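Observations on chain architecture
Okay, here's what each chain looks like letter by letter:
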Amino acid sequence: MKKIFLLSTLLLTMSITVMGAVKKTKLRVLYVGGHSNLETFATDYDKAENERSVKERTASFEQFLGEYFTMVKVVMADDYNYKMSYDYDVTVLDGQPKPLEQQQTVMDGQRFVKRIKAKYFPDDFDRPVITMAELGERVGRRLGLKTDWYCLCLDQWAHGMRTSHPIFKGPYRVKMTLVDRPTPEGAKEFAPLVGETLPETTKMWHVNSKGYMTDKGFKVGMVSRPWGFEDSPEAEWISGGVSSKSIDAMALGRHGSFFHWGFAAAPMDMTDEAKPLLANAIVYISKFAGQHVIARKLSEGIATRIEAKESAYRVTHKCWEEYKTSIEQFNAQTKLQSDSLKAAKAAGKEIGRQMAMYLQWQPQPIPTADEWIRKQAGPLYEKFGTDEAAYAKYYEENTPYFYGSFNSYGLQLDEDAKSLGIPNNDKRLLDKAISLWESGQDAEKGRRLLERYTLLRYETARQYRDWYQKYQNKLFFTESGGWLWLVNSQDKNVPGNDYSVLKYNELPEQKTPEISGTTDRDNPVLISGVVNDLPSGDKELVIRVKMHNGFHIYGFVSDQDPYIATTFDIQTEGNYQKVGDLQIPSFKNLGTTGTTIYEGDVLFRQRLKGSGKGKVTCTVNYQTCDEHACLPPRDVELSFDLK
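Residues numbered from 1 in each chain as written. Predicted model: local features only at pLDDT ≥ 70, side-chain atom pairs only at ≥ 80, totals over all residues. Heavy atoms only, no water.

1. Topic: the overall build of the protein chain
Regarding its fold elements, the protein chain presents 15 helices and 27 strands. Dimensions of the protein chain along its principal axes, counting C-alpha atoms only, are 110 × 80 × 55 Å. Counting every position in the protein chain, which comprises 643 residues, the buried fraction comes to 48%. The long-range share in the protein chain, meaning contacts at least 24 apart out of those at least 6 apart in sequence, stands at 68%. Summing over all exposed atoms, the protein chain offers an accessible surface of approximately 32900 Å²; the carbon and sulfur share of this is 50%. (Helix = DSSP H or I, 4+ residues; strand = E, 2+ residues; numbered from the N terminus. Buried < 20%, exposed > 50% of the residue type's maximum accessible area, 1.4 Å probe, protein only. Contact = heavy atoms within 4.5 Å. Areas by Shrake-Rupley, 256 points an atom, 1.4 Å probe, with all protein chains shown as cover.)

2. Observations concerning the sheet that holds strand S21 (residues 552-554)
Spatial strand order, S23-S24-S21-S26: four strands in an open sheet with antiparallel pairing. Looking at the sheet topology across the chains shown, the edges are occupied by strand S23 (588-589) and strand S26 (624-625). The pairing of S21 with S26 spans two bridges and is classified as antiparallel. Bridge pairing links His 552 to Cys 625 in S26. (Pairing = 2+ DSSP bridges.)

3. Brief notes about the environment of Thr 163
In this fold, Thr 163 is placed in the loop between strand S8 (157-159) and strand S9 (178-182). Thr 163 gets classed as partly exposed once you look at its relative accessible area, which sits at 40%. Along the sequence, Thr 163 and Asp 581 sit 418 residues apart, while their C-alpha atoms lie 61 Å from each other. Ignoring sequence-local partners within four residues, the contact set of Thr 163 consists of Phe 168, Lys 169 and Met 176.

4. With respect to the packing of helix H13 (residues 428-439) against helix H15 (residues 461-471)
One way to put it is that H13 packs onto H15 with a least axis distance of 9 Å and a crossing angle of 155°. It follows from the interaxial angle that H13 and H15 lie roughly antiparallel. The two elements H13 and H15 cross, and the hand of that crossing is left-handed. For the pair formed by H13 and H15, the contact residues are Leu 430, Asp 431, Ile 434, Ser 435, Trp 437 and Glu 438 on the first element and Ala 461, Tyr 464, Arg 465, Trp 467 and Tyr 468 on the second. Of the residues that constitute the contact of H13 with H15, the class distribution is seven nonpolar, one polar and three charged. (Axes fitted to C-alpha atoms, helices over the stretch in contact; angles between N-to-C directions. Parallel < 35°, antiparallel > 145°, perpendicular 65-115°, else oblique. Left-handed = near helix turned anticlockwise from the far one by under 90°. Nonpolar A, V, L, I, M, F, W, Y, C, P; charged D, E, K, R; others polar.)

5. Brief notes about the pattern of salt bridges
As enumerated under the stated definition, the model contains 41 salt bridges in all. Here Glu 134 and Lys 219 are joined by a salt bridge, their closest N and O atoms 3.6 Å apart. Here Lys 219 lies in the loop between strand S10 (201-206) and strand S11 (221-223) and Glu 134 lies in the loop between strand S6 (129-132) and helix H3 (135-138), a separation of 85 residues in the sequence. Each member of the pair Glu 134 and Lys 219 is classed as buried. Between Arg 462 and Asp 466 there is a salt bridge, with the nearest N and O atoms lying 2.7 Å from each other. With a gap of four residues between them, Arg 462 and Asp 466 both fall in helix H15, about one helical turn apart. Since its relative accessible area comes to 38%, Asp 466 is described here as partly exposed. (Salt bridge = Lys/Arg side-chain N within 4 Å of Asp/Glu carboxyl O.)

6. Some points on the nonpolar core
Among soluble globular proteins, nonpolar side chains are generally buried collectively. Within the largest apolar cluster, 66 residues are counted, with the highest numbers of intra-cluster contacts made by Phe 69, Ile 130, Trp 205, Phe 259, Trp 261 and Ile 282. Setting aside residues no more than four positions away along its own chain, Phe 69 makes contact with Lys 24, Thr 25, Leu 27, Val 29, Ala 279, Ile 282 and Val 283. Residues Ala 417, Leu 449, Tyr 453 and Trp 467 belong to the second largest nonpolar core, which totals 35 residues. (Core = buried A, V, L, I, M, F, W, Y, C linked by side-chain atoms within 4.5 Å.)

7. Some words on the confidence of the model for the protein chain
Model confidence for the protein chain is summarised by a mean pLDDT of 92, while 96% of its residues fall at 70 or above. Low pLDDT, under 50, characterises residues 1-19; the stretch is placed with zero contacts to residues that sit more than four places away or in other chains. (pLDDT = per-residue confidence, 0-100.)

8. As for unusual backbone geometry
Between Gly 170 and Pro 171 the backbone carries a cis peptide bond, its omega angle lying at 15°. Along the chain, Pro 171 turns up in the loop between S8 and S9. We note that Trp 483 has phi near 55°; this positive angle belongs to a residue other than glycine. One can find Trp 483 in the loop between strand S17 (475-478) and strand S18 (484-487). When its relative accessible area of 1% is taken as the criterion, Trp 483 is described as buried. In this model, Lys 503 sits at a positive phi of 55°, which is unusual for a non-glycine residue. For Lys 503, the position within the fold is in the loop between S18 and strand S19 (525-533).

9. Comments concerning the environment of Gln 623
For Gln 623, the position within the fold is in the loop between strand S25 (601-622) and S26. Residue Gln 623 is classed as buried on the basis of its relative accessible area of 9%. When the C-alpha positions of Gln 623 and Asp 635 are compared, they lie 9.2 Å apart, and in sequence the two are twelve residues distant.

10. Points about the packing of H13 against helix H14 (residues 443-453)
At their nearest, the axes of H13 and H14 sit 7 Å apart, and the two run at 145° to each other. Where H13 crosses over H14, the two elements pack in a sense that is left-handed. Contacts from Leu 429, Leu 430, Ala 433, Ile 434, Leu 436 and Trp 437 of H13 reach H14 at Ala 443, Lys 445, Gly 446, Arg 447, Leu 449, Leu 450 and Tyr 453. Class assignment for the residues of the contact of H13 with H14 results in ten nonpolar, one polar and two charged.

Written out as structure tokens, the structure is:
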């Protein structure tokens, strides 16, 4: 009887397992692990606990994927290479791989210009990938993915879902229990900037059973900027989510063959209703094998046309009042905390190092309305002062003619397009620009417009005309992709889609002066130079001074010492002039008199501004010494042609 009971129980268990199982989809899925369930970004965390959590999260994904798909392979991010994705239908990226190229910083002399992000995939990569949380930004910035880092602040709930999208339809059934929840405060604060008012509550769907707002230290999800996300045919906005940003900040979306799953939880911490949606997303993105990115958002900070609305609102008295109120509230709350900590310290309580900063708190100053508007308006303040109606009219009239740039945030007014009365997102502008060039009526204006709004660099109007006639029915305008007209084509060789002409991710050639010969005690100093082109269009004279071991030259010389300071007499010819002071390398103090010295191999830099042909001559006068004696002063003259 006991055996019969045990057999019946076993059969019942098997029956429940079979009935509860899902039909697997025939897909080869590669899971790339490495993340944990802990938030490790800019926070202190337990390293051992993190390692344990990585294993737990990886196991959770492996089990989940095994339930839905016929073949699952698990590798860790350190062992992943993009070429592995070509052997699978979909790659689920949940760990940051080793880059193909490291991040680089571009400087313009001593001024920071930009960072060229690390490269993880080649530009023509077209395999289906799901990126979890912030990985859409981490691995996608160099590719130009629109899944940028708007905010690492996505929590548990989705809202604004486009439930007609295929991922909500199958192949696995998605049950959605919607509940009314308070509209996020961040979304309500942003809405007035674009002329919107949001309701107090919003229909929401529970995606994760845990989130960073309710579970301390839990991994945080990422939302991407919504503006311009769908201004190219290979991108889809699918769902928003609870964050501190705008109501339409994107939590789920696709760009090319990449699917952004912004929610951070592993399947073990997802709701039962949401798990089938992730499976559906994997099936859906598999259909985009071979579909590469067309419109590339190379800079996450590029402005889109919505900036005109925001700018018009920022110069209003209402916006100032809101800012004033927020600072008053902040000051009041911070004063309470500061007073409380002062009282605690006076009572002999330990308040901790982090909280001690509040003891030095001073109220944040509040600008007057005029000061606020002056700051927000910038150069326009000289035109319009505090006249809100004038600002509103300016932005409304010029919105069709604004454009942005990858190299700077903000909008510029295109006087060329405005003079023709044709918006820059109207194809007629291209046709008109070609006609201006063809007719010779204003060829320079036509060429400027064509190079501003296309990626073509043809030498004749005829070439532009042939291209326009061939592709005009496939052209689309993208703001987030660079304010450009591109061709809706997956043909990688189609003219007009090649972003390399912008040289945005190329490091400017920066030569270091070469030293010929070797130093010795008889000839302890060698000097050479070179002129480099800077990203701004200026030039930079670089002087290299290499000293023999044990020798030095002088920087500043105190009047208490008998040494001779090193000087650089730089003279320019033609339309060139020096800009700013000579940039010097690090130095050492010699004794206690204040005299400074340079040792080893050092570089001196002088910025030059100008154009056309010219010349720069630098005469270096120096004295070199070691610990025993000094050699007589010397002059070295270097001369360079400029063009």
